[in-house]
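Structure assessment
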Amino acid sequence: MNCFVYENNDIKSKEIVFNAEIKMNDFLKYTKIQSSSHIKGWIEITQDVFIYSVYIDKCPSTISESSVCVQFIGVALMNITDTDSSLSDLKCALKEKSTIKELGFAYIEKLPEHHFKPYTAIFVYCVVEDFIIDFTSIYYATLYKFSISTWLPTYCLIPKVSSNLAVNLCVRPLYGSFSIIFVIEFLSYYKTMGIQHFVFYRFNISESTNLFFEYLKHTNLSIEINPWDIPLNDELIHEYGQIVFTQDCIVQSRYKFSHTIIVDIDEFIVPKLHSNITSLISYLDKKYENAGSYIIPMVLFCDEFSYGKNSSSIFRILNNNKRQKTPWAWGYRSKYIVRADRVLYGGVHFVWKYKKNCYEINVSDSVALLYHYRRCCGLLQTWFLHLFSFHVLNDEIVIDNTLIKIADKLLNDSLVSLVLESSNFTMFADVLHSIHLKGI
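The rules behind the values
- Residues numbered from 1 in each chain as written.
- Predicted model: local features only at pLDDT ≥ 70, side-chain atom pairs only at ≥ 80, totals over all residues.
- Heavy atoms only, no water.
- UniProt positions renumbered as here; feature names shortened; annotations may be inferred.
- Disulfide = S-S within 2.5 Å.
- Helix = DSSP H or I, 4+ residues; strand = E, 2+ residues; numbered from the N terminus.
- Expected span 1.5 Å × (residues − 1).
- Buried < 20%, exposed > 50% of the residue type's maximum accessible area, 1.4 Å probe, protein only.
- Polar contact = N/O pair within 3.5 Å; in protein donor to acceptor, adjacent residues only side chain to side chain.
- Axes fitted to C-alpha atoms, helices over the stretch in contact; angles between N-to-C directions.
- Parallel < 35°, antiparallel > 145°, perpendicular 65-115°, else oblique.
- Left-handed = near helix turned anticlockwise from the far one by under 90°.
- Contact = heavy atoms within 4.5 Å.

Per an unreviewed UniProt entry, the chain goes by the name Glycosyltransferase family 92 protein and belongs to Argiope bruennichi. In its Subcellular location (unreviewed entry) section, the UniProt record describing the chain reads: "Membrane". As recorded by UniProt, the Sequence similarities (unreviewed entry) comment attached to the chain reads in full: "Belongs to the glycosyltransferase 92 family."

Time to look at the state of the cysteines. A covalent bond between the sulfur atoms of two cysteines is what we call a disulfide. Inspection of the entire model under this criterion finds four disulfides. With a sulfur-sulfur separation of 1.9 Å, Cys 170 is cross-linked through a disulfide to Cys 249. Its S-S torsion of approximately -75° makes the covalent link between Cys 170 and Cys 249 left-handed. Within this pair, whereas Cys 170 is found in strand E9 (residues 167-171), its partner Cys 249 is found in helix H5 (residues 242-253), the two being separated by 79 residues in sequence.

Let us look at helix H3 (residues 180-192). In an α-helix there are 3.6 residues to a turn, and that puts residues three or four apart on one side. For H3, built from 13 residues, the straight-helix expectation of 18 Å at 1.5 Å per residue is met to within 8% by its first-to-last C-alpha distance of 19 Å. Buried residues dominate H3, accounting for eleven of its 13 residues. Listing the buried residues of H3 in full gives Ile 180, Ile 181, Val 183, Ile 184, Glu 185, Phe 186, Leu 187, Ser 188, Tyr 189, Tyr 190 and Thr 192. A distance of 3.0 Å separates the backbone nitrogen of Ile 181 from a side-chain oxygen at the start of H3, and that oxygen is part of Ser 179.

A few words now on the packing of H3 against helix H4 (residues 207-216). At a closest axis distance of 10 Å, the pairing of H3 and H4 adopts a crossing angle of 30°. What the angle tells us is that H3 and H4 run roughly parallel. Judged by the twist between their axes, the crossing of H3 over H4 is right-handed. Where H3 approaches H4, its residues Ile 180, Val 183, Ile 184 and Leu 187 are matched on the opposing element by Ser 208, Thr 209, Phe 212, Phe 213 and Leu 216.

Pasting the structure below:
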């Protein structure tokens, strides 16, 4: 298909979404939703070093087998150290009430996936010695070279031992324009798949989408919305520092949930042999005792494959049943389910470093697939170090009705009912109905 023809004809769809956003703005003017204050946020703590979040947890074994560390997650210029792992010239301090403890020099770990941009993601570790940590207290920490300029709120991670299966899901920072319908679709799908908690990071989204997230926080949905006001543009840090979000969400999930899913807003992990994701995970855990992560291969449901088709649902995953035949190789646009307590550093498409004796599992495409809904114009599918490739739109098309078979379950989800049936959401329901009729 000619990409230009497709994009030109899609202008009308964009206009409908834009008009829906305007109506949502009109509606949200009358909703009394107070934005909650956030503790996390980007701060330049010293020159060319920006920190997003700080945790107190057990040190990595490479630093100490038994000590507790203050762990800073953020970004820094690539030349902050000559090696990927080294002792730095930054000093650490920890404060609890009026008690300040200087912790000495910090250990810096530079993470991969910087894509040769000036800034890279970092972990900064400071060993806490001769200082009793009360995990119920409120702490502040800082990094400095000569004098302390600012203190950062610090989260204490309390190790817990539990055999219960509990799954949360983290979505990379959202930016740009997208339909609120996609958010409802995404949440409803993963709720029906057994996900218990959602963590979003918002960077640069519309006012209506922002307020809609605030509205969701006042429902019975277990959802967390974090700011992502990174002060670096895309020329300085790859994809607005998305690998940092990965670290933050994995670390904060470490003792709260047994498994954490890392995906984008247009990606859906689909079990092939099980009724939901929790059953899939239970199956994999029994089969692979020391697994640290499960890598799910991706296939694309290209918009171009369903071009010109009349829509029968407000949800795109129920309208598009045509996908490419060839799954991408593991590690190439794949996403993963992680055992957060077994991982040191996550990546965008796979985990970079595990704790001792843990490893990744490449899940067969007959067991689970990552369904990715997007345009594919000009997209090359690569494998084996990107040495081989072909155009995705030239791949064979397969009819896949896996998600259409659960349409009733998805559309009857409590979140969809809340949005469509709530008397407080009359105008929003009209917007959804309008979009439904116009085939978005």
